[in-house]
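Examining the three-dimensional arrangement
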Amino acid sequence: MSAAPTRPTVTEREARQVAEAAREQDWRKPSFAKELFLGRFRLDLIHPHPLPADDDVQRGEEFLAKLRDFCETKIDSARIERDAQIPDEVIDGLKELGALGMKIDTKYGGLGLTQVYYNKALALAGSACPAVGVLLSAHQSIGVPQPLKLFGTQEQKERFLPRCARTDISAFLLTEPDVGSDPARLATTAVPDGDDYVLDGVKLWTTNGVVADLLVVMARVPKSEDHKGGITAFVVETNSPGITVENRNAFMGLRGIENGVTRFHQVRVPAANRIGPEGAGLKIALTTLNTGRLSLPASCVGAGKWCLKIAREWTAAREQWGKPIAEHEAVGGKISFIAATTFALEAVTDLASQMADEDRNDIRIEGALAKLYASEMAWQMADELVQIRGGRGFETAESLRARGERGVPAEQVLRDLRINRIFEGSTEIMHLLIAREAVDAHLSVAGDLIDPDKTLQDKAKAGANAGVFYAKWLPKLVAGPGQLPSSYGEFKHGIDLSPHLRFVERHARKLARSTFYAMSRWQGRMETKQGFLGRVVDIGAELFAMSAACVRAELLRRRGENGREAYQLADAFCRQARIRVDELFGRLWTNTDDLDRQVVKGVLAGRYEWLEHGVIDPSSEGPWIADATPGPSQKENVHRPVR
């Protein structure tokens, strides 16, 4: 029988070991971004820009046309925002359209769209209503279809994928009230009992969980003589006895999403529903997110396009001091930033998506960079749009309509986009995740040198290996094609983008040198230098975006699709990005990180508590983290399947 779950007590080192064991260890395919962090600008891996097959394009465009018509005629975004719920008839319509099965193979009843067209569909649906985009994304990007596609048995695919393609909504359950980005402390258990596992625990922020029919649940299997144990993934029927959706959560944005708290009490799950072997759950989750994260930048691209449209129309209509406000430099600079950044985000998303479709490259870093960069830049674009709109940007669309003006939901988009910097890996976690992958080559050859648990013999061997690696690698960081004026000349057509690619090549080498110096300086303490690592990753993100923007501009030029304008946007973006890169490099070594740590210690010790005097805290009483003690639910089940 099942035992009561207990919260695992783990040290920081143990938590890191769990995360390290879950990450994909090998690099069997080339990676443009990995090479970039090593100081090698492998333009050949992304140029010429990869393209989808003609039949994929035709199938994708046909579906986009149907989806556009549905979004324009059936989705009332204002109603969803007002009622904080997607109407059942909209969800039913999406099912009939096949939108639940965009990424599912046609042999299981899905549409079989490529990652490129799946993302275009999410951008389109998300622009009509961000909550609808999240519903579709959470179901397919991280819900049941994706992990089954990658790790499911044939029997599991035949049982569940046809349901997911047309009728059943799915959700992904990993987070718990006291467990976010530290899965080593996962408390939900799955105790073997005959041919079943018995689940007990509480999951938080279960997007789609309120309406879901199927769940992917991560739970800890106790280790025993007959069971390897560890964090394990299961497909769970939401109508199983013992499952209670205890609360439908409400947020500052995305008011239509069906996100809840789900409790499991003595829930029996057949062993046949286990995805992969015991202990593989976290690896399954992380691998699923490698491409699943690309849905988020897709929604950011859609938001950027909308921000540009509103900025263009509004600043041409609004006059101040005798001319349209777009012609005032203070406003024009914001419009240029929105236009150039939208172009770059689409370039990054399409490139990473096409690379995922081709499966020739390892895109774990590219996907993570796309998520990180898009979430940060889309938020800035929406913030600039609110500023451009002035008081109207702060006013709700409903209020604008009520007094006779166009109902532009700028403040809503700002609220809706804010979560992107948090979920599917917060910006801070993404910095650490990407940084770990970026220094993987160094740790592979020299990691034992800074590992306190290694013997002197291990350290000596690592030192010899490191000497061989760095003797070959370091000299290549001194000079490269970025110093030759003729390099990348194929990117010069009226507007010259070749200087930007030379900038990328030079600064990739500079970034690699900086990383090597930091590892030499801090060694084992490198993992604590999160400020430094974050800036390293941000530099890599900017260089990746610059590369993608230039490659996309050249693709559009060769295809005769607004080539000159694309070159102009790529040029503007790269010039803006270069300023940010130079600033980030300066902040690698000139910053307040050490002082900040001292201030933090003072804050936690209460030395600055006097600074908090003079205000009233309107927060309600209660614990910082809700009680998640296992047991039967004491609340009403608010699960609401849409049938």
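Let me begin by describing the structure that accompanies this report. (Residues numbered from 1 in each chain as written. Predicted model: local features only at pLDDT ≥ 70, side-chain atom pairs only at ≥ 80, totals over all residues. Heavy atoms only, no water.)

So, the overall build of the chain
- Looking only at helices and strands, one finds 23 helices and 12 strands in the chain.
- Against the 2.2 N^0.38 benchmark of 26 Å for 643 residues, the chain shows a C-alpha radius of gyration of 25 Å, consistent with a compact globule.
- Each of the three principal axes of the chain carries a C-alpha extent, and together these read 75 × 70 × 65 Å.
- Relative to its full complement of 643 residues, the chain shows a buried share of 54%.
- Residue pairs at least 24 apart in sequence account for 77% of intrachain contacts in the chain once pairs closer than 6 positions are excluded.
- Surface summary for the chain: the accessible area is close to 29200 Å², and the carbon and sulfur share equals 53%.
- Within the chain, the 87 negative side-chain charges are centred at a point lying 5 Å from the centre of the 84 positive side-chain charges. (Helix = DSSP H or I, 4+ residues; strand = E, 2+ residues; numbered from the N terminus. Rg over C-alpha atoms; globule rule 2.2 N^0.38 Å. Buried < 20%, exposed > 50% of the residue type's maximum accessible area, 1.4 Å probe, protein only. Contact = heavy atoms within 4.5 Å. Areas by Shrake-Rupley, 256 points an atom, 1.4 Å probe, with all protein chains shown as cover. Lys, Arg positive; Asp, Glu negative; His and termini not counted. Charge placed at Lys NZ, Arg CZ, Asp CG, Glu CD.)

Brief notes about the packing of helix 12 (residues 329-358) against helix 21 (residues 530-558)
- Contact geometry of helix 12 with helix 21 gives a least axis separation of 8 Å together with a crossing angle of 90 degrees. In terms of orientation, helix 12 and helix 21 fall into the roughly perpendicular class. Touching Phe343, Ala344, Glu346, Ala347, Val348, Asp350 and Leu351 of helix 12 are Phe544, Ala545, Ala548, Ala549, Arg552, Ala553 and Leu556, all from helix 21.
- When the residues that make up the contact of helix 12 with helix 21 are grouped by side-chain class, the tally is 11 nonpolar, no polar and 3 charged. (Axes fitted to C-alpha atoms, helices over the stretch in contact; angles between N-to-C directions. Parallel < 35°, antiparallel > 145°, perpendicular 65-115°, else oblique. Nonpolar A, V, L, I, M, F, W, Y, C, P; charged D, E, K, R; others polar.)

Things to note about unusual backbone geometry
- Geometrically, the link from histidine 47 to proline 48 is a cis peptide bond, its omega value of 0 degrees lying close to zero.
- Examined against the element boundaries, proline 48 turns out to sit in the loop between helix 2 (32-37) and helix 3 (54-74).
- Unusually for a residue other than glycine, asparagine 208 sits at a positive phi of about 75 degrees.
- Relative to the assigned elements, asparagine 208 resides in the loop between strand 3 (196-207) and strand 4 (214-221).
- Phi at tryptophan 321 takes a positive value of approximately 55 degrees, unusual for a residue other than glycine.
- Positionally, tryptophan 321 belongs in the loop between strand 9 (319-320) and strand 10 (323-324).
- For tryptophan 321, a relative accessible area of 76% gives the class exposed.

A closer look at the pairing of strand 5 (residues 230-237)
- With respect to burial, strand 5 is a largely interior element, 6 of its 8 residues being buried.
- Both strand 4 and strand 5 contribute to a ladder of 8 bridges, which runs antiparallel. Residue pairing in the sheet places alanine 219 in a bridge with threonine 232 of strand 5.
- Two strands pair when backbone bridges link them, and strand 5 and strand 8 (residues 274-275) are joined in this way by 2 bridges, in the antiparallel orientation. Looking across to strand 8, one finds that alanine 233 is bridged to isoleucine 275. (Pairing = 2+ DSSP bridges.)

A closer look at the pattern of salt bridges
- Counted under the stated rule, the structure contains 48 salt bridges.
- Among the ionic pairs, arginine 159 bridges to glutamate 155, the shortest N-O distance being 3.6 Å. Pair noted here: arginine 159 and glutamate 155 are both in helix 9 (residues 154-166), with a separation of 4 residues, about one helical turn.
- Taken together, the shared-partner salt bridges in this structure form one network comprising Lys120, Lys305, Glu346, Asp350 and Arg552. (Salt bridge = Lys/Arg side-chain N within 4 Å of Asp/Glu carboxyl O.)

Structural notes on the nonpolar core
- Of all hydrophobic cores here, the largest spans 98 residues; its most connected members are Leu369 and Phe573.
- Counting residues per element, this core draws most heavily on helix 21, which supplies 16 residues.
- In contact with phenylalanine 573, other than residues within four places in its own chain, are Ala340, Thr341, Ala344, Tyr373, Glu542, Ala545, Met546, Ala549 and Arg580.
- Counting residues in hydrophobic clusters, the runner-up holds 36 residues, among them Cys71, Ile86, Leu100 and Val116. (Core = buried A, V, L, I, M, F, W, Y, C linked by side-chain atoms within 4.5 Å.)

So, the packing of aromatic side chains
- Under the criterion given, the structure shown has 13 aromatic pairs.
- Ring plane angle 80 degrees and centroid distance 5.2 Å describe the contact between tryptophan 522 and phenylalanine 532, whose orientation is recorded as edge-to-face. Here tryptophan 522, found in helix 20 (residues 498-522), pairs with phenylalanine 532, found in helix 21; they are 10 residues apart in sequence, far enough to count as distant. Taken individually, tryptophan 522 and phenylalanine 532 each receive the classification buried, so the pair is uniform in this respect.
- Summarising the aromatic geometry, the rings of tryptophan 522 and tryptophan 589 are spaced 6.1 Å apart at their centres and angled 35 degrees between planes, so their arrangement reads as tilted. Residue tryptophan 522 is found in helix 20, and its partner tryptophan 589 is found in helix 22 (residues 563-589); the two are separated by 67 residues along the sequence.
- Clustering of aromatic rings is evident, with ring pairs tying together Phe32, Phe41, Tyr488 and Phe544.
- Lying over the aromatic face of tryptophan 27, lysine 34 brings its terminal NZ or CZ to 5.3 Å of the ring centre.
- Arginine 364 extends its terminal NZ or CZ atom over the ring of tryptophan 27, reaching a point 3.7 Å from the ring centre. (Phe/Tyr/Trp six-rings, centres within 6.5 Å; stacked < 30°, edge-to-face > 60°. Lys NZ or Arg CZ within 6 Å of the ring centre and 35° of its normal.)

As for the pairing of strand 7 (residues 259-270)
- For strand 3 and strand 7, the ladder comprises 9 bridges, and the chain directions are antiparallel. What sits directly across from lysine 203, in strand 7, is threonine 262.
- Relative to strand 7, strand 6 (residues 243-248) is paired through 5 bridges, and the arrangement is antiparallel. Paired with asparagine 247 across the two strands is valine 261, which belongs to strand 7.

Structural notes on the side chain of aspartate 200
- Take aspartate 200: it is sitting in strand 3.
- One buried charged residue, aspartate 200, forms no salt bridge at all, with the nearest opposite charge on arginine 263 at 7.6 Å.
- A distance of 3.0 Å separates the side chain of aspartate 200 from the backbone nitrogen of glutamine 266, its partner in a polar contact. (Polar contact = N/O pair within 3.5 Å; in protein donor to acceptor, adjacent residues only side chain to side chain.)

Side note on a nonpolar patch on the surface
- A cluster of nonpolar side chains, contributed by Leu595, Val599, Val600, Val603 and Leu604, occupies part of the molecular surface with about 480 Å² of accessible area.
- Tracing the backbone through its elements, the reader meets valine 600 in helix 23 (residues 593-604).
- Judged by its relative accessible area of 46%, valine 600 falls in the partly exposed class. (Patch = residues over 30% accessible without salt bridge, like charges linked within 9 Å, V, L, I, M, F, W, Y side chains within 5 Å.)

Structural notes on the environment of valine 536
- Along the polypeptide, valine 536 turns up in helix 21.
- Sequence-distant contacts of valine 536, defined by excluding residues within four places in its chain, comprise Phe37, Leu511, Thr515 and Leu588.

Describing the environment of alanine 605
- Mapped onto the elements, alanine 605 comes out in the segment after helix 23.
- Distance in space between the C-alpha atoms of alanine 605 and glutamate 96 is 58 Å, their sequence separation being 509 residues.

Things to note about the packing of helix 17 (residues 427-438) against helix 21
- Closest axis-to-axis distance for the helix 17/helix 21 pair is 9 Å, and the angle between their directions is 75 degrees. Considering their axes alone, helix 17 and helix 21 lie roughly perpendicular with respect to each other. Mapping the contact onto sequence places His431, Leu432, Ile434 and Ala435 in helix 17 and Gln530, Leu533, Gly534, Val537 and Asp538 in helix 21.

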